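Structural overview for review
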Amino acid sequence: MSVTITALEAENVKRIKAVQITPSPTGLTLVGGNNNQGKTSVLDALAWALGGDKFRQAPREGAVAPPHLKVTLSNGIVVERKGKNSTLTVTDPTGRRAGQQLLNEFVEVLALDLPRFLEASDREKADTLLKIIGVGEELTQLDRRIKALYDKRTTVGQIANQKKAFADEMQEYPEAPAEPVSALELIQRQQDILARNGENQRKRERVCQLEQQAAQLQQQVDDLAEKLRQTSESCAVTLRDLEIARKTAAELQDESTEELQAAILEVNETNRKVRANLDKARAEEDAAEFSAQYSALTEQLTEARRKRTALLEGADLPLPGLGVEDGHLTYHGHPWGAMSGSDQLRVATAIVRRLNPNCGFVLLDKLEQMDLQTLTDFGAWLQSEGLQAIATRVSTGGECQIIIEDGRVRGQDTDARLEAAPTPKQWTKGAF
């Protein structure tokens, strides 16, 4: 059974002169009043009494007597701090005395200082939840794997899209053969023809040379009579050679290489188209490969997310709907900053309670920022969970069960300090 606060008696603590409070057993008890009247001092007194020296408060300014605190708990234990040194006395129902160590068994530090959790970073809140349910390390590993897969898939998807776009823009020639063709034979034939044509040219040049030689010899015949016989014979031979050469030259015909040149050009164009088709095919294969990698990574990412969801769904959560996304605490899918005020209080209270299930109460300061409907919803949830919350609010309205004025409870006979204070009404929907 969780322990709650049954009664508080406090004197000379901060702004408190003398107050006696009996909070509601469950639900929300609001301590109201104007500023600087001692509302927060009530919570500080409870925190000091139950939390120890780390919550020690200053005595009331001008007080003659030292602070005195007495808290009665639902398990029958009575906690008292009194005297010059505020000596702690903890008495259990059997009359035995104990100390702070006994209180620590059922008093959670964050229950005395809930703003410490409310003001923590989103990651600190998430870490607290993961610590409670005991899946922090495993969830962290899954989150890292999910992020790595997501980043890798994003990169692969971008590359696949780029390669697909590149392949789509490339020219394709459906009529071209699948493999490049060879122009070697055509080139060889072309070279043979060019060689024969060169030989013909040399023969033409020989005709010219023989004509010049004949003219010179004829001149010698005319000029050198004494050599007529020898020169005549030589001339006759030369004339015969000339006649043969002229006849042969006249019969020579050059061959054309235009057809072969056109065929070579056609081969080159065909091969260009073949290479273009091969390049496009390789580009499409690359794009398809990266697309397949993207699909495989998507399946891995889906599986990792499924395991993560199963891990949280299988955990014993303090409150249904709680979760952790990317290292941040969520409630019904909403991050902390997107939660309503009542949901934030509900989540914080549930987590703090799970930190120490024996602790059935929380202390909350400054709830004036909460509207009445939010307070009503929060109070109803507290009652349904069997939890107790004692909170302060700058207000003297009817939503406040206890009003503090000048360090005292309004309407309370502070001269009769030991008289029991009236029990405030339960905070439920429609209570005001």
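Just so you know, the residues in each chain are numbered from 1, in the order the chain's sequence is written. With the structure being a predicted model, the display of local features is reserved for residues of pLDDT at least 70 and the display and counting of side-chain atom pairs for 80 or more, all residues being used for whole-chain, interface and lining totals. Computation of side-chain values covers all heavy atoms of the structure but excludes hydrogens and water.

1. Examining the overall build of the protein chain
As a reminder of what qualifies: Where helices and strands are cited, they refer to DSSP runs of H or I of at least four residues and of E of at least two residues respectively, numbered from the N terminus. Our radius of gyration looks at C-alpha atoms and nothing else; its globule reference is 2.2 Å times the residue count to the power 0.38. Throughout, exposure labels follow a simple rule: accessible area from a 1.4 Å probe, protein chains only, divided by the maximum for the residue type, with under 20% read as buried, over 50% as exposed, and the rest as partly exposed. The contact criterion used throughout is that any non-hydrogen atoms of two residues lie within 4.5 Å. The Shrake-Rupley method, run with a 1.4 Å probe, gives the accessible areas here. Residue values count only the displayed protein chains as cover. The convention is simple: Lys and Arg are positive, Asp and Glu are negative, and His and the chain ends are not counted. Charge positions are represented by NZ for Lys, CZ for Arg, CG for Asp and CD for Glu.
Helix and strand counts for the protein chain stand at eleven helices and 14 strands. Its C-alpha radius of gyration of 53 Å places the protein chain more than 25% over the 22 Å reference for a compact globule of 432 residues. A principal-axis box enclosing the C-alpha atoms of the protein chain has dimensions of 175 × 40 × 40 Å. Per-residue burial for the protein chain yields a buried fraction of 42% across its 432 residues. In the protein chain, the share of contacts with a sequence separation of at least 24, taken over all contacts with a separation of at least 6, comes to 74%. A total of about 24100 Å² of accessible surface is found on the protein chain, and carbon and sulfur atoms cover 48% of it. Averaging the locations of the 54 positively and 64 negatively charged side chains of the protein chain gives two centres separated by 9 Å.

2. Re the sheet that holds strand S10 (residues 334–335)
Under the convention used in this document: The pairing criterion is simple: DSSP has to find at least two bridges between the two strands. A fitted line through C-alpha atoms represents every axis, and for helices the fit uses only the stretch in contact; the resulting angles, taken between N-to-C directions, go from 0 to 180 degrees.
Taking strand neighbours across the sheet as the criterion, the three strands line up as S8-S9-S10 in an open arrangement whose pairing is antiparallel. Each having just a single partner strand, strand S8 (322–325) and S10 make up the two edges of the open sheet. Direction of pairing for S8 relative to strand S9 (residues 328–331): antiparallel, over a ladder of four bridges. Within S9, the position partnered with glutamate 325 by the bridge is histidine 328. Here helix H10 (residues 341–355) sits on the sheet and contacts S8 and S9; the angle it forms with S9, its principal contact strand, is near 115°.

3. What about the packing of helix H5 (residues 122–133) against H10?
Stated formally: An angle counts as roughly parallel when it lies under 35 degrees, as roughly antiparallel when it exceeds 145, as roughly perpendicular when it falls between 65 and 115, and as oblique in every other case. Two helices that cross are described as forming a left-handed crossing if the nearer one is turned anticlockwise from the farther one by less than a right angle, and a right-handed crossing if clockwise.
The contact between H5 and H10 brings their axes to 10 Å, and the two run at 40°. It follows that H5 is oblique to H10 by the angle criterion. Classified by chirality, the crossing of H10 by H5 is left-handed. Within the contact between the two elements, H5 uses Thr128, Leu129 and Ile132 and H10 uses Ile351, Arg354 and Leu355.

4. Side note on the confidence of the model for the protein chain
Condition: Each residue carries a pLDDT score, the predictor's own confidence in it, on a scale running from 0 to 100.
Of all residues in the protein chain, 92% attain a pLDDT of 70 or more, and the chain-wide mean is 84. Overall, residues 416–432 carries pLDDT values under 50, and its contacts beyond four positions in sequence, including any with other chains, amount to 48 contacts.

5. As for the pairing of strand S6 (residues 87–91)
Two faces make up the sheet, and in a regular strand the side chains alternate between them. Where strand S5 (residues 78–82) meets S6, five bridges bridge the pair, whose relative direction is antiparallel. Looking at S6, one finds that lysine 82 is bridged to threonine 87. Hairpin connection from S5 to S6: four residues lie between these consecutive antiparallel strands, with glycine 83 at a positive phi of about 90°.

6. As for the packing of aromatic side chains
Applicable threshold: Stacked, tilted and edge-to-face are the three classes applied to pairs of Phe, Tyr and Trp rings, where Trp contributes its six-membered ring and a pair requires centres within 6.5 Å; stacked means planes under 30 degrees apart, edge-to-face means over 60, and tilted covers the rest. Cation placement over rings: the criterion is NZ of Lys or CZ of Arg within 6 Å of the ring centroid and within 35° of the ring normal.
By the definition in use, this model includes two aromatic pairs. An angle of 80° between the planes, with centres 6.2 Å apart, marks the rings of phenylalanine 117 and tryptophan 336 as edge-to-face. Of the two residues, phenylalanine 117 sits in helix H4 (residues 114–118) while tryptophan 336 sits in the loop between S10 and H10, which places them 219 residues apart along the sequence. There is no split in this pair, since phenylalanine 117 and tryptophan 336 are both buried. With a centroid separation of 6.3 Å and an interplanar angle of 20°, the aromatic rings of phenylalanine 378 and tryptophan 381 are classed as stacked. Of this pair, phenylalanine 378 and tryptophan 381 both sit in helix H11 (residues 372–385), three residues apart, which is roughly one turn of the helix. On the accessibility criterion, tryptophan 381 (10% relative accessible area) is buried. Of note, lysine 125 hangs over the ring of tryptophan 336, and the distance from its end group to the ring centre comes to 4.5 Å.

7. As for the environment of proline 335
For proline 335, the location among the structural elements is in strand S10. The sequence separation of proline 335 and arginine 393 amounts to 58 residues, and the corresponding C-alpha distance is 26 Å. Excluding anything up to four places from it in sequence, proline 335 contacts Leu329 and Thr330.

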